[in-house]
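# Commentary on secondary and tertiary structure
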Amino acid sequence: METTGSVTCRAPINIAVIKYWGKKNENDILPLNDSLSLTLDIADLASTTTVAIDQSAEDDQLMLNGKVCGLNARSRAVLQHVRKLSGSGVNNDDSRTMRVVIRSRNNFPTASGLASSASGYAALTHALCTLFKVPGEWSGIARRGSGSACRSMLGGFVLWKADQSADDAAAAVQIQPESHWPELRVLILVSDSDQKSVSSTEAMRRSVQTSELLRHRAEEIVPERTKNLIKAINERDFPSFADICMKESNQLHAICMDTMPPVRYLSQTSFHIMETVCAINANFAKPIACYTFDAGPNAFVIFEQHNRDVLYDAFSQRYPDLGLQYDQQNVVKRIKMDISGSSKVKPVIHSVIETRVGSGPVTEMSGPETE
């Protein structure tokens, strides 16, 4: 391989608390409604992508998690748009026609509802734009690969507005930086790391075509919820944040069931975790934790650091095999949990990840001709 320049970039996942579900324009990936997310710490969950110009390659190439894959239509859309916008590129007039070799890997399960497309396309966009020296904002380019990827281009609390055009360079905006709410934590409970049977893209398409609830949600419910959630974030009002977060998650999966054919992402373990969070909150005068699920069965439980020990103690009673580490002396109010809950099926949780709100993509390494 004869390379003339390369860039390695790492990008984070994000978890939507106002959900993106449905497109008003499939080709340009323009959403039906606003969405709002938390960018998670790049140290815990990230996609790492290296892009290199290869003078000897006959075509653009992609390797994902060590496996050779052809570039799909969306990867090519990102690459073509970057080439169109690039200026001097890697200091070579022919750089826009040279082939690229892309190597990408995730440090978490791919296509299992953990936002791998968001981090993957954000890493790809950041690396390509750095390599080709694309000026201006890049989140609108990442959107061409995956809608949610535009939110992973920024750190902290990020809003993707629906009222934009396909040519908008800045698809997403940061409403607060990652330093705004330092107490916020996210516990990810991975119950299924397999690739989901129905992709988010296909499920959204079905919902747009068949769900009567979807249009009502986009037009009547999301605008008010988004306004209220931004207010809760700005004021660090966790009870209000938690209430909206759980209702949003519930409504996403209600729409999936209102879709024909129905799409079911949640598992028995997912419902068990929802029941656990609700049981914990019932012991307090206000919510101390909330759950949210993207298009998959894996739970994101959000809480504030000062409630960590009491929350972990309750989870450890329900799920003793998790091995959660916490200080029992700090458990000022021990919640007596029914170990089994109402489920007849034993919940299965394979792994846990504790993380926090973090920054956007970073460039880790660049080759000599990109410097």
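Everything below is about the structure printed above this text.
Below, the structure is looked at part by part. Please read all numbers here as calculations on a predicted model, not as lab measurements. (Residues numbered from 1 in each chain as written. Predicted model: local features only at pLDDT ≥ 70, side-chain atom pairs only at ≥ 80, totals over all residues. Heavy atoms only, no water.)

### Thoughts on the overall build of the protein
Tallying secondary structure elements over the protein gives eight helices and 16 strands in all. For 371 residues, the compact-globule estimate of 2.2 N^0.38 gives 21 Å, and the protein sits close to it at 21 Å. Its C-alpha atoms give the protein principal-axis dimensions of about 70 × 45 × 40 Å. In the protein, the share of contacts with a sequence separation of at least 24, taken over all contacts with a separation of at least 6, comes to 75%. As displayed, the protein has an accessible area near 15800 Å², and 48% of this comes from carbon and sulfur atoms. Here the protein holds 39 positive side-chain charges and 42 negative ones, and the gap between their average locations is 3 Å. (Helix = DSSP H or I, 4+ residues; strand = E, 2+ residues; numbered from the N terminus. Rg over C-alpha atoms; globule rule 2.2 N^0.38 Å. Contact = heavy atoms within 4.5 Å. Areas by Shrake-Rupley, 256 points an atom, 1.4 Å probe, with all protein chains shown as cover. Lys, Arg positive; Asp, Glu negative; His and termini not counted. Charge placed at Lys NZ, Arg CZ, Asp CG, Glu CD.)

### Regarding the sheet that holds strand 10 (residues 157–160)
On the basis of which strands lie adjacent, the open sheet formed by four strands has the order 2-5-10-11 and antiparallel pairing. The open sheet has two free edges, formed respectively by strand 2 (14–18) and strand 11 (172–176), since each of these has just one partner strand. The sheet shows a mean angle of 35 degrees between the axes of neighbouring strands, taken without regard to direction. (Pairing = 2+ DSSP bridges. Axes fitted to C-alpha atoms, helices over the stretch in contact; angles between N-to-C directions.)

### Concerning the pairing of strand 7 (residues 61–64)
Pairing of strand 7 with strand 9 (residues 99–106), which is carried by four bridges, proceeds in the parallel orientation. Among the inter-strand pairings, Met 63 is bridged to a residue of strand 9, identified as Arg 103. Of the pairings in the sheet, the one linking strand 7 to strand 8 (residues 67–69) comprises three bridges and is antiparallel in character. If you follow Leu 62 over to strand 8, its bridge partner there is Cys 69. Connecting strand 7 to the antiparallel partner strand 8 that follows it, the hairpin turn spans two residues, and Asn 65 within it adopts a positive phi of roughly 50 degrees.

### Notes on the packing of aromatic side chains
Under the criterion given, the structure shown has nine aromatic pairs. Where Phe 303 meets Tyr 312, the ring centres are 5.9 Å apart and the plane angle is 65 degrees; that geometry is what we call edge-to-face. Every member of this aromatic cluster is reached through a ring pair, and the members are Phe 157, Trp 181, Phe 238 and Phe 241. The residue whose ring lies beneath Lys 196 is Tyr 265, and the NZ or CZ to ring-centre distance is 5.6 Å. (Phe/Tyr/Trp six-rings, centres within 6.5 Å; stacked < 30°, edge-to-face > 60°. Lys NZ or Arg CZ within 6 Å of the ring centre and 35° of its normal.)

### A closer look at the side chain of Asn 298
Structurally, Asn 298 can be placed in the loop between strand 13 (289–292) and strand 14 (299–304). Within the structure, the side chain of Asn 298 is placed 3.0 Å from the backbone nitrogen of Asp 192, a separation counted as a polar contact. (Polar contact = N/O pair within 3.5 Å; in protein donor to acceptor, adjacent residues only side chain to side chain.)

### Structural notes on the state of the cysteines
This model, assessed by the stated rule, comprises zero disulfides. We note that Cys 150 lacks a disulfide partner, and the nearest cysteine sulfur, in Cys 129, lies 13 Å from it. The thiol sulfur of Cys 278 is not disulfide-bonded, and the nearest other cysteine sulfur, from Cys 290, lies at 10 Å. With a relative accessible area of 40%, Cys 278 lands in the partly exposed category. (Disulfide = S-S within 2.5 Å. Buried < 20%, exposed > 50% of the residue type's maximum accessible area, 1.4 Å probe, protein only.)

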